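Here is how the chains run, residue by residue.
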Amino acid sequence: MKYAYFMPTKIFFGKNCVDKNANLLKEYGKKALIVTGKTASKTNGALSDMCSALNRQNISWDIFDGVVSNPSVENVRQGAEIAKSVHADFIIGIGGGSPMDAAKAIAVLAVNDVDNDALFQGKFKKKNLPIIAVPTTAGTGSEVTPYAILTYHKIQNKANLTTETLFPKIAFLDASYMMALPYHLTVNTALDALSHAIEGFLSSKSTRMSDFFALQSLDILGESLPSLNPDSFPVLHTREKLLHASMLAGMVIAQTGTTIVHAMGYCLTYYKNIDHGRANALLMREYLRYVSLSRSEAVNWLLDILNFDTLAGFQMMMDRLLGHRETLTDEEIKKFSMIALEAASTRKTDPIPSLENIEKIYRNSMTTP
Ligand code: NAP
Ligand code: ZN
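The structure displayed is predicted, hence computed values, not measured ones.

A. Summary view of the overall build of the protein chain. Check the secondary structure of the protein chain and you find 15 helices and eight strands. Computed over C-alpha atoms, the radius of gyration of the protein chain comes to 20 Å, within 12% of the 21 Å expected from 2.2 N^0.38 for 369 residues, which places it in the range of a compact globule. Viewed in the frame of its principal axes, the protein chain has a C-alpha envelope of about 60 × 45 × 45 Å. Scored against the burial criterion, the 369 residues of the protein chain give a buried share of 58%. A separation threshold of at least 6 residues defines the contact pool for the protein chain, and within that pool the share at least 24 residues apart is 80%. Summing over all exposed atoms, the protein chain offers an accessible surface of approximately 15,300 Å²; the carbon and sulfur share of this is 53%. Separation of charge centres in the protein chain, based on 37 positive and 36 negative side chains, amounts to 5 Å.

Structure below.
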């Protein structure tokens, strides 16, 4: 057996964990920049909890609340200018994956003068500012990964900024911030976590350690996903399960990275404006069918952990959660397949798919005009 494992983030999970551990924030300096989205963190309690924690520790703070979904390089550069002008010592990302990823990129750009291409090389003269992460969605696991995924219009796709120092110093996970997360966002983000756990488990980079977290995450998701329905909000206990499973799945991809599903999903997000988690989930059934052709034992094992006897049973649950599937033209399928084939994460897929395999996954996953 052989593996390496590194995940340096301090994790605090549970109701009021920001308040209870506020004293730890002092370690990172006297001035914080809070990076967040336009609305959600102001109404779900996450922003006010953090502000009062900072006030009690006599840490002054400013806020950049201009992060949009799937933040672009230009969007994070706006935040970095603020971080520089207020002389931030550390960056606090509060929100879904978009604000957390933006916080990471801002932490780099606040102290490094690099152009866009150099940004994605991940090698910087100065170490990024420390990052604190507070997720308010349960899906990306960004609070425990070294990745910031940004929209990069130059390459007309999403691009991955990775460097070990982007692991947040602290992740505060309080599921009570998610109580009013709408159904479609609850589903889309939970399915992102599912995608991380499945892709990580089936990745050629998986290890005994990453499998340990993947199987635990799948076990919880197998219990929680079937209970989601549009007519009722999940109770705190279910929200906590989803958040825990999402964090575990983040710990998986922190080791394995993602595979073809994410590479293909990024095109659906960039060109078709489909939410990140939904984009992956639309492709999942066909991806599993493709992998099971050569690795049926591994796929059956994960289906079993998820509580399904067959791929058809899994497909039924996914169809119920996803509803009507978006349309792709033949031209789009060809274009997106070429792009996905070239992605670095595609080479971590086991077995590595050909262009024809990728086209088939798109064609069978989406509706055609
Ligand atoms: P998101 O883009 O962060 O947020 C989607 C929407 O949810 C926003 O409108 C946001 O509102 C709202 N929202 C957030 N928390 C809420 C709450 N508690 N209640 C009600 N609404 C809430 O979506 P996401 O799926 O969490 O993140 C997707 C991004 O993460 C993508 O860019 C993806 O590539 C990236 N990602 C990163 C990693 C990683 O390891 N770094 C892994 C997977 C995905 P506001 O705009 O008001 O905030
Ligand atoms: Zn993802």
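That covers the picture; the talk isn't over yet.
B. Structural detail: the packing of aromatic side chains. A full pass over the atoms with the stated rule returns eleven aromatic pairs. Aromatic pair Y5 and F213: ring centres 5.9 Å apart, planes at 25°, arrangement stacked. Here Y5, found in the segment before β1 (10-13), pairs with F213, found in helix α8 (residues 208-224); they are 208 residues apart in sequence, far enough to count as distant. In this structure Y5 comes out as partly exposed when scored by relative accessible area, which is 30%. Classification of F213 as buried rests on a relative accessible area of 11%. Taking the centre distance of 5.4 Å and the plane angle of 80° together, the rings of F212 and F213 count as edge-to-face. An aromatic cluster of three or more residues is present, and its members are Y270, Y271, F336 and Y362.

C. Looking closely at the side chain of T258. Residue position: T258 is located in the loop between α9 (236-256) and α10 (260-272). Look at T258 and you get buried, because its relative accessible area is 12%. If near-sequence neighbours (up to four positions away) are discounted, T258 is found in contact with H196, E199, I253, S345 and K348.

D. Up close: the coordination of the zinc ion (ligand 2). Note on the zinc ion (ligand 2): its protein donors are D192 (OD), H196 (NE2), H262 (NE2) and H276 (NE2). The metal-donor distances range over 2.1 to 2.2 Å. Here the zinc ion (ligand 2) is ringed by four donor atoms whose angles at the metal span 85 to 167°, and the overall shape comes out irregular.

E. Broad picture of the site of ligand 1. Among the 29 residues in the neighbourhood of ligand 1, the closest are listed as A40, S98, T136, T137 and T145. The separation between an oxygen atom of ligand 1 and a polar side-chain atom of N70 is 3.3 Å. Side-chain polar atom of K158 to an oxygen atom of ligand 1: 2.8 Å apart, as the coordinates give it. Calculation on ligand 1 without its partners gives an accessible area of 950 Å², and the protein chains cover 87% of this total. Those elements that place two or more of their residues in the shell around ligand 1 are α5 (97-109), β6 (147-152) and α7 (183-202). When residues of the shell around ligand 1 are assigned to their parent elements, the largest contribution, five residues, is made by α5. The residue inventory of the shell around ligand 1, partitioned by class, reads eight nonpolar, 16 polar and five charged.

F. A look at the sheet that holds strand β2 (residues 31-37). As summarised here, the arrangement of the six strands in space is β1-β8-β5-β4-β2-β3, forming an open sheet in which the pairing is parallel. Each having just a single partner strand, β1 and β3 (60-67) make up the two edges of the open sheet. Here the strands of the sheet are splayed against their neighbours by 15° on average, with no regard to which way each runs. By the bridge criterion, six bridges tie β2 to β3 in an arrangement that is parallel. If you follow I34 over to β3, its bridge partner there is I63.

G. Representation of α8. For α8, with 17 residues, the first-to-last C-alpha span of 24 Å sits near the 24 Å given by 1.5 Å per residue. Among the residues making up α8, those that are buried are S210, D211, F213, A214, L215, S217, L218, I220, L221, G222 and S224. Those residues of α8 that are buried are in contact with α7, α9 and α12 (296-305).

H. Up close: helix α4 (residues 73-85). Counted at 1.5 Å a residue, the expected span for α4 with its 13 residues is 18 Å, and the 18 Å between its end C-alpha atoms agrees. Among the residues of α4, V73, N75, V76, G79, A80 and A83 are the ones counted as buried. Looking straight down α4, one finds that the buried residues subtend no more than 155° of arc, so they occupy a single side. For α4, the secondary structure elements touched by its buried residues are β2, β3, β4 (90-95), α5, α6 (116-119) and β6. Looking one or two residues past α4, H87 carries a phi angle of roughly 55°, positive in sign.

I. Looking closely at the pattern of salt bridges. Tallied over the entire structure, the rule returns 15 salt bridges. The partner of K84 in a salt bridge is E81, and the shortest N-O contact between them spans 3.2 Å. With K84 and E81 both in helix α4 and three residues apart, this pair spans about one turn of that helix. Notably, a salt bridge pairs D319 with R325, separated by 3.2 Å at the nearest N-O pair. Among the residues examined, D319 registers a relative accessible area of 32% and is labelled partly exposed. For R325, a relative accessible area of 9% translates into the label buried. Connected through salt bridges with shared partners, the residues R285, E286, R289, D319 and R325 form a single ionic network.

So, how was this worked out
- Residues numbered from 1 in each chain as written.
- Chains lettered and ligands numbered in written order.
- Predicted model: local features only at pLDDT ≥ 70, side-chain atom pairs only at ≥ 80, totals over all residues.
- Heavy atoms only, no water.
- Helix = DSSP H or I, 4+ residues; strand = E, 2+ residues; numbered from the N terminus.
- Rg over C-alpha atoms; globule rule 2.2 N^0.38 Å.
- Buried < 20%, exposed > 50% of the residue type's maximum accessible area, 1.4 Å probe, protein only.
- Contact = heavy atoms within 4.5 Å.
- Areas by Shrake-Rupley, 256 points an atom, 1.4 Å probe, with all protein chains shown as cover.
- Lys, Arg positive; Asp, Glu negative; His and termini not counted.
- Charge placed at Lys NZ, Arg CZ, Asp CG, Glu CD.
- Phe/Tyr/Trp six-rings, centres within 6.5 Å; stacked < 30°, edge-to-face > 60°.
- Donors = N, O, S within 2.8 Å, 3.2 Å for Na, K, Ca; no water.
- Tetrahedral: all angles 85-135°; square planar, octahedral: opposite > 155°, others 65-115°.
- Near = heavy atom within 4 Å.
- Polar contact = N/O pair within 3.5 Å; in protein donor to acceptor, adjacent residues only side chain to side chain.
- Nonpolar A, V, L, I, M, F, W, Y, C, P; charged D, E, K, R; others polar.
- Pairing = 2+ DSSP bridges.
- Axes fitted to C-alpha atoms, helices over the stretch in contact; angles between N-to-C directions.
- Expected span 1.5 Å × (residues − 1).
- Arc of directions from axis to C-beta.
- Salt bridge = Lys/Arg side-chain N within 4 Å of Asp/Glu carboxyl O.

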